[in-house]
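If you want the building blocks of each chain, they are given just below.
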Amino acid sequence: MVGRKVGIIGAGFVGATAAYSLTMTGACHEVILYDINTDIAKGKALDIGQSTSYAPKGTIVTAAEDASGLKNCDVIVITAGVPRKSDMTRADLLMINAKIMKDVVGNVMKYSPNAIILCVSNPLDIMTHVIHKLTAWKRNRIIGMAGALDGARMSYQINQKIGYGSGQIKSMLIGDHGQNMIPMPEISTVGGVPLNQLISKEDMQAIIERTKDGGAEIVKHLGTSAYYAPGRAISVMVEAILDDSRIVMPSSVLLDGEYGYKDITVGVPVVLGANGIEKIIELELDDETKSKFKVSVDSIQDGIDILEKNGFFNSF
Ligand code: APR
C-alpha cells in the first residue's frame with residue numbers, strides 16, 4: 001500500500017524505539033530514519049529492518065542518506081536534540097535545541113510539506129512552539145508528544161498502587177511536560193470507575209509526585225533518559241493519525257483562545273485523527289486548577305521569552 005510513510009528525525013534512543021514500536025504494530029508501510037549522524041540511522045534501520053521477519057507486516061525500514069530521503073512522509077516525528085550537559089544553562093540548551101529545530105524543520109518543509117509533525121524533542125512545549133513559528137503551518141498539523149507519555153506513567157503508578165486494572169487505567173493530565181504538569185485524578189478512571197473512589201487523597205498525592213518525577217527516576221538508574229515508554233507513546237499517536245482513529249489524548253498544542261490563552265503551546269486533551277488535531281477539548285477547570293495551569297503556561301512562556309531575548313525569532 002502506498003502512503004502511510006513515517007519519517008523519524010533523530011535516530012537516537014527515542015527515535016529508534018518509536019520506529020521499532022511502529023514496526024511491531026505494523027502501523028505503517030514505511031519508516032525512514034534520518035539522523036545527522038548517518039551511521040546511527042543506518043545501523044538502527046538495519047537492526048530494526050531485520051526484526052521485521054517476525055513482525056505482523058513487512059514494514060519497510062530504511063535510513064535516509066541525507067534529508068532528501070524524507071520525501072513525502074505522511075507523518076514526521078522529531079526527536080533530534082541534545083541532552084542538557086552539566087555546564088549548560090537552561091538558555092544554552094534552549095538555544096541549541098531551537099537551532100536544531102530550525103535545521104530539521106527546514107528539511108521537513110522542503111521534503112514533506114504536507115506532513116503532520118509530531119514533536120518529541122525537549123523542552124517539549126517550547127520546541128513545539130518553535131516549530132509552529134518556523135513553519136507557520138495550520139496549528140492542527142503540529143503536535144507535541146507529552147501527555148501520552150506522562151499519562152502512561154501515571155497509569156503505571158496507579159496500577160502499582162492498587163494492583164489491578166492494568167490496561168484499563170485512563171489518566172488525564174494537562175499543562176507542561178515538566179515539573180508544573182497537572183495530573184487530573186478527578187477525571188481519571190480505572191475501567192470506568194472514577195479514581196477518587198478507589199484511592200485516598202494521600203496515596204493520590206504520592207502517585208502525582210512519582211508521575212512528575214517519572215523521567216528523572218529513570219535517569220537516576222540508567223544515567224540516560226527513558227525511551228521505551230516514550231517510543232511506544234509516539235507510536236500510539238502516529239497510529240491514531242494514520243488510522244484516523246480519533247482518540248482522545250492529552251497533547252501539546254497551540255492555543256488560540258481555548259482555556260483563555262493564545263499563542264502558547266501547552267498540554268490539553270485533543271482528538272487525534274488524519275488531520276492531526278481534529279479538536280481541542282476544553283475541560284471545565286476549577287479555580288485551583290486554573291491557577292496551576294497559569295503557572296504551567298508561564299513556565300513555558302519563560303522559555304519562549306529566553307529564545308526571544310537571545311534573538312532566535314529574529315533569525316528567520
Ligand atoms: N538533524 C538530525 N538529527 C539530529 C540533529 C539534526 N540537526 N541534531 C541532533 N540529531 C540527532 C543526534 O545525532 C542523535 O542521534 O538526534 C539524536 C538524539 O538522540 P539521543 O541523543 O539518543 O536522544 P534521545 O534519548 O533519543 O532523546 C531525543 O527526545 O525525549 C526527548 O529529551 C529527549 O530531546 C530529547 C529527544
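Preceding this paragraph is the structure being described.
The structure presented is a predicted model; accordingly, all values stated were derived computationally and were not measured. (Residues numbered from 1 in each chain as written. Predicted model: local features only at pLDDT ≥ 70, side-chain atom pairs only at ≥ 80, totals over all residues. Heavy atoms only, no water.)

Draft legend 1. Representation of the overall build of the protein within the structure. Across its full length, the protein carries 9 helices and 14 strands. Computed over C-alpha atoms, the radius of gyration of the protein comes to 19 Å, within 12% of the 20 Å expected from 2.2 N^0.38 for 316 residues, which places it in the range of a compact globule. In terms of its C-alpha atoms, the protein occupies a principal-axis envelope of roughly 55 × 50 × 40 Å. Of all intrachain contacts in the protein linking residues separated by at least 6 positions in sequence, the fraction that spans at least 24 positions is 69%. Of the roughly 14500 Å² of accessible surface on the protein, 52% is carried by carbon and sulfur atoms. Looking at the protein, you have 31 positive and 35 negative side-chain charges, and the mean spots of the two groups are 3 Å apart. (Helix = DSSP H or I, 4+ residues; strand = E, 2+ residues; numbered from the N terminus. Rg over C-alpha atoms; globule rule 2.2 N^0.38 Å. Contact = heavy atoms within 4.5 Å. Areas by Shrake-Rupley, 256 points an atom, 1.4 Å probe, with all protein chains shown as cover. Lys, Arg positive; Asp, Glu negative; His and termini not counted. Charge placed at Lys NZ, Arg CZ, Asp CG, Glu CD.)

Draft legend 2. Focus on the site of the ligand. Val 14, Asp 35, Thr 79, Asp 103 and Asn 122 are the nearest of the 19 residues found near the ligand. One of the backbone nitrogen or oxygen atoms of Phe 13 is found 3.0 Å away from an oxygen atom of the ligand. Interatomic distance of 2.7 Å between a side-chain N/O atom of Asn 122 and an oxygen atom of the ligand. Against a free-state accessible area of 730 Å², the protein chains account for coverage of 83% of the ligand. Elements represented by at least two residues in the shell around the ligand include exactly α1 (13-25) and α3 (90-111). Take the shell around the ligand: its biggest share by element is 3 residues, from α3. (Near = heavy atom within 4 Å. Polar contact = N/O pair within 3.5 Å; in protein donor to acceptor, adjacent residues only side chain to side chain.)

Draft legend 3. Representation of helix α6 (residues 201-212). When the terminal C-alpha atoms of α6 are compared, their 16 Å separation across 12 residues agrees well with the 16 Å that a helix rising 1.5 Å per residue should span. For α6, every residue scored as buried is listed here: Met 204, Ile 207, Ile 208 and Thr 211. Looking down the long axis of α6, one finds its buried residues gathered within 100° of arc, a one-sided arrangement. Residues of α6 that are buried make contact with α5 (147-162), β8 (173-174), β9 (182-183) and α7 (214-222). (Expected span 1.5 Å × (residues − 1). Buried < 20%, exposed > 50% of the residue type's maximum accessible area, 1.4 Å probe, protein only. Arc of directions from axis to C-beta.)

Draft legend 4. Structural view of the pattern of salt bridges. Here the structure, examined in full by the defined rule, presents 12 salt bridges. As a salt-bridge pair, Glu 65 and Lys 42 come within 2.9 Å of each other at their nearest N and O atoms. Taken together, the residues Glu 65 in the loop between β3 (60-63) and β4 (75-78) and Lys 42 in helix α2 (residues 38-49) connect sequence positions 23 residues apart. What makes Glu 65 exposed here is its relative accessible area of 52%. The shortest N-O distance in the salt bridge between Lys 294 and Asp 298 comes to 2.7 Å. (Salt bridge = Lys/Arg side-chain N within 4 Å of Asp/Glu carboxyl O.)

Draft legend 5. Highlighting unusual backbone geometry. Residues Asn 122 and Pro 123 are joined by a peptide bond in cis, for which omega reads -5°. Mapping Pro 123 onto the fold places it in the loop between β5 (116-119) and α4 (124-135). Unlike most non-glycine residues, Tyr 259 shows phi in positive territory, near 60°. As for its placement among the helices and strands, Tyr 259 is situated in the loop between β12 (247-256) and β13 (262-273). By relative accessible area, which is 12% here, Tyr 259 ends up buried.

Draft legend 6. The arrangement of α4 in detail. If you check α4, its first and last C-alpha atoms are 17 Å apart, about what 12 residues at 1.5 Å a residue would give, namely 16 Å. Most of α4 is tucked away: 11 of the 12 residues are buried. Taken together, the buried positions of α4 are Leu 124, Asp 125, Ile 126, Met 127, Thr 128, His 129, Val 130, Ile 131, His 132, Leu 134 and Thr 135. Among the residues trailing α4, Ala 136 stands out with phi positive, at a value near 55°.

Draft legend 7. Geometry of the environment of Gln 301. Secondary-structure assignment places Gln 301 in helix α9 (residues 287-309). Considering only alpha carbons, one finds Gln 301 and Ile 126, 175 residues apart in sequence, at a separation of 8.0 Å.

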